[in-house]
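Fold and contact review
The lines below spell out each chain.
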Amino acid sequence: MAIWNQKSILKTAVDDWQSRGLIDTTTAVTLSSDIGQTTSSFAFRNILILLAVICLGFAAMTFVAANWDEMTRLTRVGIIFAAMWASWGASAVFLSRGQSWFAQIFTLGACAMFGAGIMLISQIYHIQGNPADAVWLWAIGTILAAGLTRSIPALCLSIALFFIWMNYEWNFFGRDFDLHFDFPIYMAACAALAYWMKTRFAAHLIVLATCYWALGIVFIQLDQKSLMHFSIVLGTAFSVLSLMLYSDRVYLWLRGFERAVAFYIIGVLGVLVTAWHFISIESRFEREMFPLLFDFIPAAVIATAICCILAALAFRRKHENTYDLVATAIFAAITFGLILFAPGTNFTTEALMLAGSIWIIRMGWRIEYRPIAALGFIAFGGAMLLIYFETIGSLLGTSIFYLVAGVMLLTGVFLIPRLTKTAGADK
Amino acid sequence: MTLRAILLGTVIAATLQTGVLAKIIYDRASALQAGQEVLLETGFIDPRDLFRGHYTALNLLISRIPSKDVEIVGDFKWNDPIYVELDTAANFAKPVRLTETYPENPKGPVLLGATEFSSQSENEIFQINFNFDRFYADKDRAITLQNHERERKLGVILSVAPDGTAMIKGLTIDGKKIYEEPLF
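Computed from a predicted structure; not experimentally measured.

Let us now look at the overall build of chain B. Looking only at helices and strands, one finds two helices and 14 strands in chain B. Of all 184 residues assigned to chain B, the portion counted as buried reaches 47%. Of the contacts made within chain B by residues no fewer than 6 positions apart, 62% connect residues no fewer than 24 positions apart. When the accessible surface of chain B is totalled, it reaches about 9,400 Å², and 53% of it is carbon and sulfur.

This is the structure we're talking about:
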């Protein structure tokens with residue numbers, strides 16, 4: 001358990017328990033000394049070494065980019081080879097001494113040198129090809145090394161490289177795109193390694209990169225007047241959210257990472273609903289869009305069915321997250337219903353956003369995951385601002401805005417503390 | 001995973017990565033040695049690459065081919081491979097035919113590129129990306145090469161492999177070879 005960054009929280013809790021007489025002085029001293037032992041300055045030294053190796057990697061890359069001609073080509077290539085083997089050697093030495101973290105960091109260094117080698121060789125020998133292919137080769141070499149040596153920093157580097165590779169191929173200002181449907185396959189491979197190595201940091205990177213890719217293909221396809229990917233990503237997001245809530249607290253298929261995935265998925269849903277709002281209020285686009293709404297039907301049916309099945313299973317098995325699973329199914333049905341049957345209708349998506357943000361706050365409290373509650377507050381504020389900017393054009397609209405804002409705030413003042421108390425009682 | 005397995009993994013990973021880098025150098029040297037030599041007219045522009053620093057982009061004349069000047073065989077979409085058959089009778093090689101697949105019995109060398117933009121209508125320009133459109137150099141040298149642009153008598157010598165891939169073998173100005181690519 002990564003306890004070092006929670007030292008002050010634990011110490012404060014122990015002091016509080018002692019002052020309130022919940023634990024005696026002997027227990028308090030024992031607990032405090034245990035917290036002190038678990039925490040050490042060694043962890044910070046690890047971070048410094050990691051940062052140093054990252055700096056060395058950047059030094060190698062900028063050495064390559066400098067096109068320094070004072071050395072012969074073979075000497076420059078030799079330096080990169082020597083640096084790579086020195087890093088691998090250091091990794092092996094630390095590993096044999098049982099210092100696994102240092103070994104992992106030096107694997108990262110070796111992989112950085114491998115990338116510098118690819119760039120240097122392609123530069124000095126004018127081997128070009130597609131620049132993205134060089135990044136892809138670097139990413140493949142790095143993920144293999146990460147898997148072979150069980151190095152978490154190298155795995156994180158490979159995720160970053162796949163991300164750069166995917167963006168290299170995306171030209172948001174061009175006419176044609178490669179949507180990179182192979183990107184999730186690489187992320188799945190990275191996820192398998194992250195699961196094996198039990199690294200949450202890499203898992204966060206993977207989920208973030210995958211969400212970025214999913215939103216990217218939605219917006220690229222929107223630009224080309226297609227809603228197919230929008231519907232698939234929206235349906236997948238609702239389904240994954242339900243799966244995460246179902247796994248949370250009981251099955252823990254992702255070893256407790258479910259809540260973090262739910263957080264990112266809610267972010268994706270927020271972006272998609274907001275995007276739909278802007279699409280549907282633009283009448284120019286709406287007219288063209290009506291026939292495209294049929295694209296939503298398969299995703300709507302499948303996603304709502306998955307959410308309903310999981311909610312029903314949760315209800316039957318008295319799952320602790322039944323309430324949120326039922327709410328997810330209802331929100332999935334409402335969202336797809338509004339898209340299919342009320343596109344362009346005023347205040348429907350705004351109402352969905354407001355209701356959704358309150359549900360997210362509630363969910364965050366219920367499952368005791370503050371980032372989700374914070375996301376709900378941000379979504380609430382965003383929805384209110386959106387309504388404000390859309391009604392500011394007319395006095396009547398502005399008046400309605402103030403009325404709604406007032407009612408919402410009063411509701412918030414009286415309802416949110418009650419929700420909090422109820423959440424406390426639910427625990 | 002045991003210590004021994006990870007150590008073995010370390011050796012395998014290091015060897016694999018070294019092998020990949022060595023293969024890139026070997027493949028390039030073999031292709032440079034064995035390929036057919038072709039001279040193309042070009043200009044230079046000095047930009048910068050994220051990872052590899054300064055280079056001069058070769059403003060190759062055959063990257064923009066007017067459709068009326070060549071025979072076009074096939075229908076080209078973005079990023080499709082495109083084979084450019086060359087006529088080497090003049091000082092600089094000129095394109096004569098564009099095909100989707102490697103042409104049968106070509107009269108001259110054939111270059112492989114990727115379609116950037118294509119149109120079958122008259123007076124349209126075929127835009128083609130080639131994998132030899134960059135010459136890496138330090139900043140001063142890149143700018144010097146760029147300044148030769150106005151004279152428009154710059155040439156790039158290519159070594160063309162039998163499958164149409166090509167790599168830079170040298171540079172010329174007014175027919176004089178100013179740079180020859182060493183094998184290693």
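After presenting the structure, the write-up continues.
Turning our eyes to something else, we now look at the overall build of chain A. Looking only at helices and strands, one finds 17 helices and zero strands in chain A. Expressed as a percentage of the 427 residues in chain A, the buried residues total 47%. Taking contacts inside chain A between residues at least 6 apart in sequence as the whole, the part at least 24 apart equals 70%.

Two orientations exist for strands paired in a sheet by backbone hydrogen bonds: parallel and antiparallel. Residues and elements named next belong to chain B. The mixed open sheet is built from six strands, whose spatial order is β5-β10-β9-β7-β8-β6. Edge positions in the sheet fall to β5 (64–66) and β6 (71–73), since each of these pairs with one other strand and no more. Averaged over all neighbouring strand pairs, the angle between strand axes comes to 40°, with direction disregarded. With three bridges connecting them, β6 and strand β8 (residues 94–99) associate as parallel partners. Its bridge partner lying in β8, V73 is registered against T99.

All names here are of chain A. The interhelical angle for the contact between helix α9 (residues 200–223) and helix α11 (residues 258–281), taken along N-to-C directions, is 15°, at an axis separation of 10 Å. When the axes of α9 and α11 are compared, the pair comes out roughly parallel. Both α9 and α11 take part in a crossing whose hand is right-handed. Only A260, V261, Y264, V268, V271, L272, A275 and I279 of α11 make contact with α9, whose side of the interface consists of H204, V207, L208, C211, L215, V218, F219 and L222. Across the contact of α9 with α11, the residue classes break down as 15 nonpolar, one polar and no charged.

Another point: the packing of aromatic side chains. Two descriptors summarise a pair of aromatic rings, namely the distance from one centre to the other and the angle between the planes of the rings. All names here are of chain A. Tallied over the entire structure, the rule returns 22 aromatic pairs over all chains. Between W165 and Y186 the ring centres are 5.4 Å apart and the planes differ by 90°, which places this aromatic pair in the edge-to-face class. One end of the pair, W165, is in helix α7 (residues 152–169); the other, Y186, is in helix α8 (residues 183–197), and 21 residues separate them in sequence. Arranged with centres 4.6 Å apart and planes meeting at 10°, the rings of F331 and W359 form a pair that is stacked. Of this pair, F331 sits in helix α14 (residues 322–341) while W359 sits in helix α15 (residues 348–366), placing them 28 residues apart in sequence. Judged by its relative accessible area of 13%, F331 is buried. Taken together, F230, F238, W276, F296 and F336 form an aromatic cluster joined through their ring pairs.

Now for the side chain of N321(A). Here N321(A) lies in the loop between α13 (296–316) and α14. Among the residues examined, N321(A) registers a relative accessible area of 1% and is labelled buried.

On to α8(A). Residues and elements named next belong to chain A. Helix length check: α8, at 15 residues, gives a terminal C-alpha distance of 21 Å against a target of 21 Å (1.5 Å per residue), a fit within 8%. Taken residue by residue, α8 has F183, Y186, M187, C190, L193, A194 and M197 as its buried positions. Each buried residue of α8 lies within a common arc of 120° when the element is viewed along its axis, so the set occupies one face.

Turning to the confidence of the model for chain A, a few remarks are in order. Across chain A, the average pLDDT comes to 85, with 85% of residues at 70 or higher. Here helix α12 (residues 283–289) of chain A stands out as the element of chain A with the lowest mean pLDDT, 58, in contrast to α8(A), whose mean of 96 is the highest.

Another aspect to go through is helix α4 (residues 73–96) of chain A. In this model α4(A) runs 35 Å from its N-terminal to its C-terminal C-alpha over 24 residues, within 8% of the 34 Å that 1.5 Å per residue would give. G98(A) sits one or two positions beyond α4(A) and adopts a positive phi of about 85°.

Residue and element names in this part refer to chain A. A surface patch of nonpolar side chains, about 580 Å² in accessible area, is lined by F44, I47, L48, L51, I54 and F58. Tracing the chain through its elements places I47 in helix α3 (residues 42–65). Relative accessible area serves as the criterion here: at 32%, I47 is assigned to the partly exposed category.

All names here are of chain A. Across all of its chains, the model carries twelve salt bridges over all chains by this definition. A salt bridge links D16 to R20, with the nearest nitrogen and oxygen atoms 2.9 Å apart. Residue D16 is classed as partly exposed on the basis of its relative accessible area of 33%. Here R20 falls in the exposed class, since its relative accessible area comes to 53%. When salt bridges with common partners are traced through the structure, they connect D248, R249, R259 and E320 into a single cluster.

Of all hydrophobic cores here, the largest spans 123 residues; its most connected members are L155(A), F162(A), F230(A), L234(A) and F296(A). Here F162(A) is in contact with W136(A), A139(A), I140(A), I143(A), F183(A), Y186(A), M187(A) and C190(A), once residues within four sequence places are set aside. Counting residues in each nonpolar core, the second largest holds 27 residues, with I62(B), I128(B), V156(B) and I168(B) among its members.

Residues and elements named next belong to chain B. Structurally, I65 is set in strand β5. Residue class for I65 comes out buried when judged on its relative accessible area of 1%. In this structure, the C-alpha to C-alpha distance between I65 and I168, residues 103 residues apart in sequence, is 20 Å. When residues no more than four places from it in sequence are discounted, the contact partners of I65 are V70, V84, P95, L98, E124, I125, F126 and I128.

The subject of this paragraph is the interface of chain B and chain A. Across the boundary between the two partners, chain B contributes 43 residues, which contact 49 residues of chain A. Taken together, both faces of the contact between chain B and chain A bury some 3,900 Å²; the carbon and sulfur share is 70%. R73(A) is paired through a salt bridge with E181(B); the nearest N and O atoms lie 3.0 Å apart. At the surface where chain B touches chain A, the tally comes to five residue pairs in polar contact (both at pLDDT 80 or more). Secondary-structure elements contributing two or more residues to the side of chain B that touches chain A are α1 (3–34), β4 (53–58), β9 (110–117) and β11 (134–136) of chain B. The element contributing the most residues to the side of chain B that touches chain A is α1(B), with 19 residues.

About the criteria used
- Residues numbered from 1 in each chain as written.
- Chains lettered and ligands numbered in written order.
- Predicted model: local features only at pLDDT ≥ 70, side-chain atom pairs only at ≥ 80, totals over all residues.
- Heavy atoms only, no water.
- Helix = DSSP H or I, 4+ residues; strand = E, 2+ residues; numbered from the N terminus.
- Buried < 20%, exposed > 50% of the residue type's maximum accessible area, 1.4 Å probe, protein only.
- Contact = heavy atoms within 4.5 Å.
- Areas by Shrake-Rupley, 256 points an atom, 1.4 Å probe, with all protein chains shown as cover.
- Pairing = 2+ DSSP bridges.
- Axes fitted to C-alpha atoms, helices over the stretch in contact; angles between N-to-C directions.
- Parallel < 35°, antiparallel > 145°, perpendicular 65-115°, else oblique.
- Left-handed = near helix turned anticlockwise from the far one by under 90°.
- Nonpolar A, V, L, I, M, F, W, Y, C, P; charged D, E, K, R; others polar.
- Phe/Tyr/Trp six-rings, centres within 6.5 Å; stacked < 30°, edge-to-face > 60°.
- Expected span 1.5 Å × (residues − 1).
- Arc of directions from axis to C-beta.
- pLDDT = per-residue confidence, 0-100.
- Patch = residues over 30% accessible without salt bridge, like charges linked within 9 Å, V, L, I, M, F, W, Y side chains within 5 Å.
- Salt bridge = Lys/Arg side-chain N within 4 Å of Asp/Glu carboxyl O.
- Core = buried A, V, L, I, M, F, W, Y, C linked by side-chain atoms within 4.5 Å.
- Buried area = accessible area lost by both parts, 1.4 Å probe.
- Polar contact = N/O pair within 3.5 Å; in protein donor to acceptor, adjacent residues only side chain to side chain.

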